[in-house]
Amino acid sequence: MTKSMVKLRNILLTLNEHNVNSYTIIMQIYNARNVYRSSIRGNNTEMQQLMKLHEWDQYIHWHRLKDEDVVRDIFWSHPNAVKLTNACNLVFLIDNAYKTNRYKLTLLEIVGVSPTWMTFSAAFAYLEGECLNNIFWALQRFRGLFLRCDALLEVIVIEKDITLMNAVKIVFPKATNLLCRFHINKNVKTKCKTLVGKKNA
């Protein structure tokens, strides 16, 4: 069931349905799943396993090394996502999640918008830091996914991240750069709370 991406709670429900006398708890399933995943990985580190899976599933991917054996930045995109990126190349949303994973790496996510307002994941990158150099490198890799230089993206929606904005201006100088309405509303609400007293809020 883990191989089929079944959630932990559904695995527990299935086990309990098949065996009424089962005393299995969710923690046991969690531990068994980790043991199973470790057995698949073998002696590979998590990064080596990720690289192996990229090759296995024929992802388009690039990486930079910090030292001879430490990955600094990694960028990847699924082959079908590359096709969608070239077919629906008008609007893309780019978001940076800073150090929200256990490796404390920045996750750069690029999402495309189709003409029917459906979204698709175009590309991802784990970056060592929030510097212009790292983001510029990832956006250069994303630009490399476009098959035609005259068919680059036209509109980029981002939050007000100065580093990301500067990198976008360098890599995609002709693209229109818009700020995300959700983040604008969130910032206005935060600012208003400080200016207006609780009684008037």
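Residues numbered from 1 in each chain as written. Predicted model: local features only at pLDDT ≥ 70, side-chain atom pairs only at ≥ 80, totals over all residues. Heavy atoms only, no water.

A.B. asks: In this structure, what is going on with the overall build of the protein? I would like to understand it.
C.D. replies: What the protein contains, in helices and strands, is 7 helices and 7 strands. Reading the secondary structure of the protein in the N-to-C direction produces α-α-α-β-β-α-β-β-β-α-β-α-β-α. The principal-axis extent of the C-alpha atoms belonging to the protein is close to 60 × 55 × 40 Å. Looking at the protein residue by residue over its 201 residues, the buried ones come to 31%. In the protein, 46% of the contacts between residues at least 6 apart in sequence involve partners at least 24 apart. For the protein, the accessible area works out to roughly 13900 Å², and carbon and sulfur atoms hold 57% of it. (Helix = DSSP H or I, 4+ residues; strand = E, 2+ residues; numbered from the N terminus. Buried < 20%, exposed > 50% of the residue type's maximum accessible area, 1.4 Å probe, protein only. Contact = heavy atoms within 4.5 Å. Areas by Shrake-Rupley, 256 points an atom, 1.4 Å probe, with all protein chains shown as cover.)

A.B. asks: Help me out: how do you make sense of helix α4 (residues 79-87) in this one?
C.D. replies: Given 3.6 residues to a turn, an α-helix orients residues that are three or four positions apart in the same direction. Every buried residue belonging to α4 is among A81, V82 and T85, and all of these are buried. Looking straight down α4, one finds its buried side chains confined to an arc of 105°; they lie on one side. Exposed and facing more than 90 degrees away from the buried side of α4 are K83 and A87. Taken together, the buried residues of α4 touch β1 (60-65), β2 (71-77), β3 (91-97), β5 (119-127) and α5 (132-143). (Arc of directions from axis to C-beta.)

A.B. asks: Teacher, can you tell me more about helix α3 (residues 46-56) here?
C.D. replies: For α3, every residue scored as buried is listed here: Q49, M51 and H54. Following α3 by one or two positions, Q58 has its phi on the positive side, about 60°.

A.B. asks: Which parts of the structure should I look at to understand the sheet that holds strand β7 (residues 176-179)?
C.D. replies: By way of backbone hydrogen bonds, the strands of a sheet pair with one another, either parallel or antiparallel. If you walk across this open sheet you meet the 7 strands as β1-β2-β5-β4-β3-β6-β7, and the pairing is mixed. Taken across any chain shown, the strands that pair with only one partner, and hence form the sheet edges, are β1 and β7. Shown here is a sheet whose adjacent strand axes are inclined to one another by a mean of 20°, direction ignored. Across 7 bridges, β3 lies against strand β4 (residues 106-113) in antiparallel orientation. If you follow A97 over to β4, its bridge partner there is L107. Packed on one face of the sheet, α3 meets β1 and β2 and runs near 30° to β2. (Pairing = 2+ DSSP bridges. Axes fitted to C-alpha atoms, helices over the stretch in contact; angles between N-to-C directions.)

A.B. asks: What is the right way to look at the pattern of salt bridges in this model?
C.D. replies: Side-chain pairs of opposite charge can arise whenever the charged atoms involved come near each other. Summed over the entire model, instances satisfying the criterion amount to 4 salt bridges. Among the ionic pairs, K66 bridges to E128, the shortest N-O distance being 3.0 Å. Linking K66 in the loop between β1 and β2 with E128 in the loop between β5 and α5, this pair joins segments that are 62 residues apart in sequence. The closest approach of N and O atoms between E128 and R72, which form a salt bridge, is 3.0 Å. You can see E128 sitting in the loop between β5 and α5 and its partner R72 sitting in strand β2, a full 56 residues away along the chain. Given a relative accessible area of 24%, R72 falls into the partly exposed group. Sharing partners across several salt bridges, the network here consists of R64, K66, R72, D73 and E128. (Salt bridge = Lys/Arg side-chain N within 4 Å of Asp/Glu carboxyl O.)

A.B. asks: Any chance you could explain the nonpolar core here in plain terms?
C.D. replies: By size, the foremost hydrophobic cluster in this structure holds 30 residues, and its most contacted members are I94, L139 and F142. If you list the elements that add at least two residues to this core, you get β3, β4, β5, α5, β6 (155-158) and α6 (162-171). Setting aside chain neighbours within four positions, we find I94 in contact with L108, E109, I110, L139, I156, V157, I158, E159, L164 and V168. (Core = buried A, V, L, I, M, F, W, Y, C linked by side-chain atoms within 4.5 Å.)

Scope: geometric values only; no functional claims are made or implied.
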